[in-house]
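# An overview of the molecular structure
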Amino acid sequence: FSVTGLSVVLLALTIMTYFLDQNKSNWVCGPVLFLMELIALGLQTILTVSIWKTTNKKTKLALLALSILIICFITYGFVNFNLNCT
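The following refers to the structure shown. (Residues numbered from 1 in each chain as written. Predicted model: local features only at pLDDT ≥ 70, side-chain atom pairs only at ≥ 80, totals over all residues. Heavy atoms only, no water.)

Quick look at the side chain of Gln 44 now. Along the polypeptide, Gln 44 turns up in helix α2 (residues 29-53). Note on Gln 44: relative accessible area 0%, which makes it buried. The contact partners of Gln 44, leaving out residues within four places of it in the chain, are Val 3, Leu 6, Ser 7, Leu 10, Ser 67 and Ile 70. (Helix = DSSP H or I, 4+ residues; strand = E, 2+ residues; numbered from the N terminus. Buried < 20%, exposed > 50% of the residue type's maximum accessible area, 1.4 Å probe, protein only. Contact = heavy atoms within 4.5 Å.)

Remark: the empty space left among the atoms is shown by a probe the size of a water molecule rolled over them. The volume enclosed by the largest pocket comes to roughly 240 Å³. Those elements that place two or more of their residues in the lining of the largest pocket are α1 (2-21), α2 and α3 (57-84). (1 Å grid on protein atoms, 1.4 Å probe; cavity = no way out; pocket = protein on both sides within 12 Å on 5 of 7 lines; lining within 4 Å. Points joined across faces, edges and corners; volume = space filled by probe spheres on them.)

Here the focus is α3. Between its first and last C-alpha atoms α3 spans 40 Å; for 28 residues at 1.5 Å apiece the expected length is 40 Å, and the two agree. Along α3, the positions that sit buried rather than exposed are Leu 63, Ser 67, Ile 70, Ile 71, Ile 74, Gly 77, Phe 78 and Phe 81. (Expected span 1.5 Å × (residues − 1).)

Moving on: a nonpolar patch on the surface. A cluster of nonpolar side chains, namely Leu 11, Ile 15, Tyr 18 and Phe 19, defines an oily patch on the protein surface of about 410 Å² accessible area. Within the element layout of this structure, Phe 19 appears in helix α1. (Patch = residues over 30% accessible without salt bridge, like charges linked within 9 Å, V, L, I, M, F, W, Y side chains within 5 Å. Areas by Shrake-Rupley, 256 points an atom, 1.4 Å probe, with all protein chains shown as cover. Salt bridge = Lys/Arg side-chain N within 4 Å of Asp/Glu carboxyl O.)

Now the structure itself:
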């Protein structure tokens, strides 16, 4: 359930980036972050399906760790986008 929750958080960040990008004058930061978030959503979907189908506990933990790293990277980019891209 953790990975599904992380997917929802990533989807929320992607939607917020889309709406916040409309108000920024810098055209590089927002679209690049939005593209990275869309790619991350695809990876997150693959990870979610893989975790639900995998029975090995070590594999599930490794995929969960990868999912958390993806969310941390996107969150860092989102915070950087909001603070530095004006």
